Amino acid sequence: MKFTSTRNANQSYTLSEAMLSGLAPDGGLFIPEIFPQFKVDDFFSDSCWESLPGSYEEAMPYPDLNIDAFPIPYPDLCYQVLKPFFQGDTLSDSLETICQTAFNMPAPLVQLEPGVFMLELFHGPTLSFKDFGARFLAACLSTLANKPIRVMVATSGDTGSAVAAAFHQKPNIDVIVLFPYQKISERQQQQITCWRDNIHAFAVNGTFDDCQRLVKSAFFDPHWKTHYTLCTANSINLGRLLPQVCYYAYSSLHIFKTTHKKANFIVPSGNLGNVTAAYWAKKMGFPIQKIHIATNKNRVISDYIETGNYTPRQSIHTLANAMDVGNPSNFERLIALFKDYNDFKKSVMAYSVSDEQIKDSIKDMFIKHGKIVCPHTATACWALTQMNLRSSGNICSATETDQEPWVIVATADPCKFETIVEPIIQQHVPIKPVLSKLLAKESQFTLIEPHLDLISH
Ligand SMILES: *Cc1c(COP(=O)(O)O)cnc(C)c1O
C-alpha cells in the first residue's frame, strides 16, 4: 500500500515514511492511495454471535455491548483492519505485536436509552481517546527508531498527556510537548509535565494555534531539519489516525450484529482527526450510516457547511478546551473524501455548541441517565437532543432519530475536568487511580514565548 499527499496524488510514500515525517513535504497530509474494503462477514461466521450477553426482550431493546463479549479479541480485530495499510512496509512483520501492545484497553458500548449508545474511549492510561492513537504511534516509531527521533507535539490538553505517557522512556526518542499556558486544566497540565526523562514540556505564552504553528515551522526550519529526525505526534500523523479507524470498525460491527442496523455516530471534534477516522471506517465498508460533527463555539466547520467558505480564525477558549481549534489540521483530509463542496454539504452535518449548552447537557445526562460526561462528550450529547427536538416537532417526515442506533463518542473521562463538572452536577466526581498516581508526581516545564528558537533541548 502506498500513501500520497492531499496536495499531490502523483508522488507516493511508504507508510513508515509517512509516519516518520508526519507532514508531507509539500505541506499536505498523507492519505492512503486506496481504501481497503471489508464486509461484515469477513470478520466472523454467524455462530460466534450466539453467546452475546443479555436478552433483547429486556426493557432495553439491546444489551450494553462490552468489548469482552466481542467474539474476536480487540487487538486481533485491529490487526485485521490495519493489515492492508501495512502491506509491503518495513513494519508489516511487527504489526501483530504492535497491536497487542497498543490496544490493551477496553472500549465499552454502553446503552443510555433504547437505540442510543455511548462508545467510551477513555479507559486508557491518560483517560482520553488519544491513548489509542498515541500508544499505536509510539509502538510503531520505537520499532523504527534505529537512530534518534525527535517527536514534536502541540496539545490543546489531552494529546500531550497521551503522547507523553505513550513515549515515556522509549529508547532513541525524545519528545517536545507544547501546550498553551493557562489554557488547559490543572490536571491536564500535570499529566503532561510529570514525566521528565525523554519528555520535555513547554508552556507557550499563546494559544493552541500558536503551539501548532510552532510544530509546523520546525519542519520547515533549516536548523531543525538538519539536526533532528523530526516527527510529529499530532493527529496529522497517519500513525495516530489509522488506529482510530479500528474502534469505529469494532463498534459498528458489534452494533450491526446485535441490532441488524448500521450505526450513526456523533463525534466531538476539534482538529477533525477522530471524525476523519470515522469517515475512513465508513469508506472501508464498515456498517456505518451517518457521521455527525459536534464542535464547541469554534465553529469554522459549521460556517464552512453553511457558506462554502473555509475561514480559519483564532481559536476561542471554551469549556471543552481540547476542542479549542480555529484551524482544524485534518480539514484537508476530510474534504479529500468528497467530490466537492456540495457533496460535502449533503453528507456532513455539524453542530456548534455553546458553553451554556455544554453545561445544560452535562446536567441533563446526569439527571436523565445518571451518567457523568466530560465537557467534550457533552457537545455530542447536545447534538443528539437537537435531533430529538427536531423530530418531535414534526418538521420533517423521515426524522433523524428514526435512524437509530446512535452512538455518542465519549472522548474523555469526566474526572479530568472535575472543576467544570462538579459544580454542575453538585457531586464529587471520583478520580481514577491511574490519574491520582500521575497527580502525585512532581511537575516540571519551561514557560516560553511562541518562538521556535526558545525551544532548547
Ligand atoms: C482531542 C480531543 C477531541 C477532538 O478530537 P479531534 O480528533 O482533534 O477532532 C475531543 N475530545 C477530547 C476529550 C479530546 O482530547
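## What to know about the overall build of the protein chain
Summing up its helical and strand segments, the protein chain has 17 helices and 14 strands in all. By the compact-globule yardstick of 23 Å for 457 residues, the protein chain fits well, its C-alpha radius of gyration being 21 Å. With the C-alpha coordinates of the protein chain rotated into their principal frame, the extents come out at 65 × 50 × 45 Å. Here the protein chain holds 457 residues, and the buried ones make up 60% of them. Long-range contacts, defined here as pairs at least 24 residues apart, represent 77% of the contacts in the protein chain between residues at least 6 apart. When the accessible area of the protein chain is evaluated, it comes to approximately 17900 Å², of which 50% is carbon and sulfur surface. With 38 positive and 44 negative side-chain charges, the protein chain shows a separation of 4 Å between the mean positions of the two kinds.

## Topic: the pattern of salt bridges
The full count for this structure, using the stated rule, is 15 salt bridges. The partner of Arg150 in a salt bridge is Asp174, and the shortest N-O contact between them spans 3.1 Å. Here Arg150, found in strand 6 (residues 149-154), pairs with Asp174, found in strand 7 (residues 173-180); they are 24 residues apart in sequence, far enough to count as distant. Across the pair Glu356 and Lys359 runs a salt bridge, and its minimum N-O distance is 3.5 Å. Note that Glu356 and Lys359 are positioned in helix 14 (residues 355-369) at a spacing of 3 residues, about one turn of the helix. With a relative accessible area of 32%, Lys359 lands in the partly exposed category. Overlapping salt bridges, with partners in common, bring together Arg299, Asp303, Glu306 and Arg313 in one network.

## Brief notes about helix 10 (residues 273-283)
Helical geometry note: an α-helix holds 3.6 residues per turn, so side chains three or four residues apart project in the same direction. The buried fraction of helix 10 is high, at 9 of 11 residues. Taken residue by residue, helix 10 has Gly273, Asn274, Val275, Thr276, Ala277, Ala278, Tyr279, Trp280 and Ala281 as its buried positions. Note on helix 10: the residue one or two positions beyond its end, Gly285, has a positive phi of about 100°.

## Thoughts on the sheet that holds strand 10 (residues 263-268)
The strands that make up a sheet are held in pairs by hydrogen bonds between backbone atoms, and each pair lies either parallel or antiparallel. Spatially, 6 strands are ordered 4-5-13-10-11-12 in an open sheet, and the strand pairing comes out mixed. Strands with a single pairing partner mark the edges of an open sheet, and in this sheet they are strand 4 (109-113) and strand 12 (349-352). With direction set aside, neighbouring strand axes in the sheet form an average angle of 25°. Where strand 4 meets strand 5 (residues 116-120), 4 bridges bridge the pair, whose relative direction is antiparallel. What sits directly across from Gln111, in strand 5, is Phe117. Packed on one face of the sheet, helix 9 (residues 238-259) meets strand 4, strand 5, strand 10, strand 11 (288-295) and strand 13 (406-410) and runs near 145° to strand 10.

## Regarding the packing of aromatic side chains
Summed over all chains, the structure comprises 24 aromatic pairs. Arranged with centres 6.5 Å apart and planes meeting at 80°, the rings of Tyr304 and Tyr310 form a pair that is edge-to-face. Judged by relative accessible area, Tyr304 falls into the buried class, the value being 8%. Their ring planes at 75° and their centres at 5.4 Å tell us that Tyr304 and Tyr341 sit as a pair that is edge-to-face. Remark: Tyr341 occurs in helix 13 (residues 341-347) and Tyr304 occurs in helix 11 (residues 300-307); sequence separation between them is 37 residues. Arg150 extends its terminal NZ or CZ atom over the ring of Tyr228, reaching a point 3.9 Å from the ring centre.

## Regarding the side chain of Arg333
Mapping Arg333 onto the fold places it in helix 12 (residues 331-335). From its side chain, Arg333 meets the backbone oxygen of Ile236 in a polar contact 2.7 Å long. Within the local environment of Arg333, its side chain forms a polar contact with the side chain of Asn330, the two groups lying 2.7 Å apart. If near-sequence neighbours (up to four positions away) are discounted, Arg333 is found in contact with Thr6, Leu29, Phe30, Ile31, Ser235, Ile236, Asn237, Leu238, Leu241, Thr276 and Trp280.

## Examining the nonpolar core
Formed by 108 residues in total, the largest nonpolar core has its most connected members in Tyr74, Leu82, Phe86, Phe136, Phe167, Tyr248 and Phe286. In terms of residue count, helix 9 provides more of this core than any other element does, 11 residues in total.

## Topic: the confidence of the model for the protein chain
In low-pLDDT regions, the fine details of the predicted coordinates are not to be read closely. Taken as a whole, the protein chain shows an average pLDDT of 90; of its residues, 92% reach a score of 70 or greater. Considering each helix and strand of the protein chain separately, the mean pLDDT is smallest for helix 8 (residues 222-227), with a value of 86, and largest for helix 10, with 98. Confidence drops under pLDDT 50 across residues 53-59; counting only partners more than four residues distant or on other chains, this segment forms 8 contacts. Contacts for the low-pLDDT stretch residues 393-399, under 50 throughout, to residues beyond four places or in other chains number 3 contacts.

Reading the values: the criteria
- Residues numbered from 1 in each chain as written.
- Predicted model: local features only at pLDDT ≥ 70, side-chain atom pairs only at ≥ 80, totals over all residues.
- Heavy atoms only, no water.
- Helix = DSSP H or I, 4+ residues; strand = E, 2+ residues; numbered from the N terminus.
- Rg over C-alpha atoms; globule rule 2.2 N^0.38 Å.
- Buried < 20%, exposed > 50% of the residue type's maximum accessible area, 1.4 Å probe, protein only.
- Contact = heavy atoms within 4.5 Å.
- Areas by Shrake-Rupley, 256 points an atom, 1.4 Å probe, with all protein chains shown as cover.
- Lys, Arg positive; Asp, Glu negative; His and termini not counted.
- Charge placed at Lys NZ, Arg CZ, Asp CG, Glu CD.
- Salt bridge = Lys/Arg side-chain N within 4 Å of Asp/Glu carboxyl O.
- Pairing = 2+ DSSP bridges.
- Axes fitted to C-alpha atoms, helices over the stretch in contact; angles between N-to-C directions.
- Phe/Tyr/Trp six-rings, centres within 6.5 Å; stacked < 30°, edge-to-face > 60°.
- Lys NZ or Arg CZ within 6 Å of the ring centre and 35° of its normal.
- Polar contact = N/O pair within 3.5 Å; in protein donor to acceptor, adjacent residues only side chain to side chain.
- Core = buried A, V, L, I, M, F, W, Y, C linked by side-chain atoms within 4.5 Å.
- pLDDT = per-residue confidence, 0-100.

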